[in-house]
Amino acid sequence: MTIRFGYGTNGLTDLRLDDALGLLADLGYDGVGLTLDHMHLDPLAPDLASRTRHVADRLDRLGLGVTVETGARYVLDPRRKHGPSLLDPDPEARAARTRLLLRAVDVAADLGAHAVHCFSGITPPETPPDTAWQRLTDALAPVLDAAARTGVPLAIEPEPGHLLATLSDFHHLRVLSGDPEPLGLTLDIGHCQCLEPAAPVDCVRAAAPWLRHVQIEDMRRGVHEHLPFGDGEIDFPPVLDALAALGDTGYRGLTVVELPRHSHAGPEMARNSIEFLRDRVPSKSSKGAAPCR
């Protein structure tokens with residue numbers, strides 16, 4: 001019965017990465033959701049290999065596990081949020097996103113990460129669903145090959161408003177892709193509250209066989225807004241019970257607090273979040289397990 005809590009660096013963008021990692025270790029987090037972005041291990045800047053080695057050493061010294069996340073808003077295009085996506089009408093634009101994910105897989109392998117997170121993107125206007133799904137499967141194919149080569153699974157996230165928005169959509173992608181072993185799932189607990197037909201606790205149980213990464217925050221039904229714990233509608237103790245039980249199914253990844261719009265108060269949010277979660281987690285379910293690296 002183990003939950004290993006992390007905090008996302010997309011909620012600590014006003015801090016240098018070394019400082020953010022030190023803060024999380026001091027607060028007692030088990031790991032970090034590391035979003036590759038211009039302020040934190042920029043995947044497009046020079047000397048990526050040496051910078052990655054530095055981060056790997058820092059994580060090792062602090063005893064932090066890591067998931068590599070790829071949801072940076074403007075890392076590829078300074079004018080289009082999350083653009084280009086895996087669904088872009090331009091094949092070269094789609095290829096740019098695929099190359100970013102391939103680079104993320106290599107970074108994750110060098111860091112000893114337990115997964116690489118990604119999402120599908122929003123379906124472009126006037127794009128038939130079948131076309132969008134075909135673009136997604138084609139764009140992910142080389143990433144899944146790289147994931148198989150490195151042993152770092154790809155964990156795609158159902159995202160409200162995206163082509164792949166629900167758990168049902170994830171299973172549709174699995175079928176279209178031939179159910180490749182490296183293809184896993186990122187489950188965002190807030191997104192379950194936002195739009196899944198099942199309660200978040202039931203989503204955790206249903207997702208367990210494919211789960212490779214978990215994100216957590218509060219949220220309200222029908223409103224895609226990541227909220228600090230206690231500001232939304234989620235009943236967390238049953239959800240945390242279900243997450244703790246995932247250890248029995250073999251899940252060894254992180255449960256990462258995802259508050260990307262709260263960087264202005266990042267250190268306070270990180271402290272408040274871990275205190276909230278610890279107060280509601282089942283006993284013996286956090287610090288003390290082996291690192292997930």
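Here the structure is a predicted model, which is why all the values come from computation and not from measurement. (Residues numbered from 1 in each chain as written. Predicted model: local features only at pLDDT ≥ 70, side-chain atom pairs only at ≥ 80, totals over all residues. Heavy atoms only, no water.)

Caption draft 1: Spatial organisation of the overall build of the protein. A tally of regular secondary structure across the protein gives 9 helices and 10 strands. Scaling as 2.2 N^0.38, a compact globule of 293 residues should have a C-alpha radius of gyration of about 19 Å, and the protein matches this with 18 Å. Considering only C-alpha atoms, the protein reaches an extent of 50 × 45 × 35 Å along its principal axes. Out of the 293 residues in the protein, the part that is buried amounts to 59%. Across the protein, the fraction of contacts at a sequence separation of at least 24, relative to all contacts at a separation of at least 6, is 76%. Counting only carbon and sulfur atoms, one obtains 49% of the accessible surface of the protein, whose full area is about 12200 Å². When the 29 basic and 41 acidic side-chain charges of the protein are each reduced to a single mean position, those positions are 3 Å apart. (Helix = DSSP H or I, 4+ residues; strand = E, 2+ residues; numbered from the N terminus. Rg over C-alpha atoms; globule rule 2.2 N^0.38 Å. Buried < 20%, exposed > 50% of the residue type's maximum accessible area, 1.4 Å probe, protein only. Contact = heavy atoms within 4.5 Å. Areas by Shrake-Rupley, 256 points an atom, 1.4 Å probe, with all protein chains shown as cover. Lys, Arg positive; Asp, Glu negative; His and termini not counted. Charge placed at Lys NZ, Arg CZ, Asp CG, Glu CD.)

Caption draft 2: Molecular detail of the pairing of strand β7 (residues 211–216). Counted residue by residue, β7 has 5 buried out of 6 residues, so it is predominantly covered. Note that strand β6 (residues 183–188) and β7 share 4 bridges and pair parallel. Directly across from T186, in β7, lies its bridge partner H213. Here β7 pairs with strand β10 (residues 255–257) via 3 bridges, running parallel. Looking at β10, one finds that I216 is bridged to V257. (Pairing = 2+ DSSP bridges.)

Caption draft 3: How the structure looks around the packing of helix α2 (residues 48–62) against helix α3 (residues 91–111). Interaxial distance between α2 and α3 falls to 9 Å at its minimum, and their mutual angle equals 40 degrees. Compared by their axis directions, α2 and α3 come out oblique. Of the two possible hands of crossing, α2 and α3 adopt the one that is right-handed. Contacts between α2 and α3 involve L48, T52, V55, A56 and L59 from the former and R103, V107, D110 and L111 from the latter. (Axes fitted to C-alpha atoms, helices over the stretch in contact; angles between N-to-C directions. Parallel < 35°, antiparallel > 145°, perpendicular 65-115°, else oblique. Left-handed = near helix turned anticlockwise from the far one by under 90°.)

Caption draft 4: Fine view of the side chain of R58. By the element assignment, R58 lies in helix α2. An unpaired buried charge is present at R58: no salt bridge exists, and D18, the closest side chain of opposite charge, is 4.1 Å distant. Apart from the residues within four sequence positions on either side, R58 is in contact with D18, L21 and G22. (Salt bridge = Lys/Arg side-chain N within 4 Å of Asp/Glu carboxyl O.)

Caption draft 5: Structural detail: α2. Relative to the 21 Å expected for 15 residues at 1.5 Å per residue, α2 spans 21 Å between its end C-alpha atoms, a close match to the ideal helical length. Considering only its buried residues, α2 is in contact with α1 (17–27), β2 (31–35), β3 (65–69) and α3. Directly after α2, the chain includes G63, whose backbone phi takes a positive value near 70 degrees. (Expected span 1.5 Å × (residues − 1).)

Caption draft 6: The side chain of T67, seen in detail. Relative to the elements of secondary structure, T67 occurs in strand β3. At 3.3 Å, the side chain of T67 forms a polar contact with the side chain of H213. (Polar contact = N/O pair within 3.5 Å; in protein donor to acceptor, adjacent residues only side chain to side chain.)

Caption draft 7: Fine view of the pattern of salt bridges. Counting across every chain of the model gives 7 salt bridges. A salt bridge links R80 to D77, with the shortest nitrogen-to-oxygen separation between them at 3.0 Å. Since its relative accessible area comes to 15%, D77 is described here as buried. With a closest N to O distance of 2.8 Å, D179 and R174 form a salt bridge. Under the relative-accessibility criterion, D179 is labelled partly exposed at 43%. Among the charged side chains, a network of salt bridges with common partners joins D77, R80 and D88.

Caption draft 8: Main features of the state of the cysteines. Counted by the stated rule, this structure contains 0 disulfides. You can see C194 has no disulfide; the closest cysteine sulfur is in C192, sitting 9.9 Å from it. (Disulfide = S-S within 2.5 Å.)

Caption draft 9: Structural view of the UniProt feature "domain: Xylose isomerase-like TIM barrel" (unreviewed entry) in the protein. Residues given the UniProt feature "domain: Xylose isomerase-like TIM barrel" (unreviewed entry) here are residues 23–279. Counted over residues 23–279, helix gives 44% and strand 15%. Its end C-alpha atoms are 20 Å apart. (UniProt positions renumbered as here; feature names shortened; annotations may be inferred.)

Caption draft 10: Spotlight on the packing of α3 against helix α4 (residues 129–150). Put simply, α3 and α4 touch, their axes get as near as 10 Å, and they point 20 degrees apart. On the basis of the axis angle, α3 is roughly parallel to α4. α3 and α4 meet at a crossing whose hand is right-handed. Along its contact with α3, which presents R94, T98, L101, L102, V105, D106 and A109, the element α4 presents R135, A139, L140, P142, V143, A146, A147, R149 and T150. Split by residue class, the contact of α3 with α4 holds 10 nonpolar, 2 polar and 4 charged. (Nonpolar A, V, L, I, M, F, W, Y, C, P; charged D, E, K, R; others polar.)

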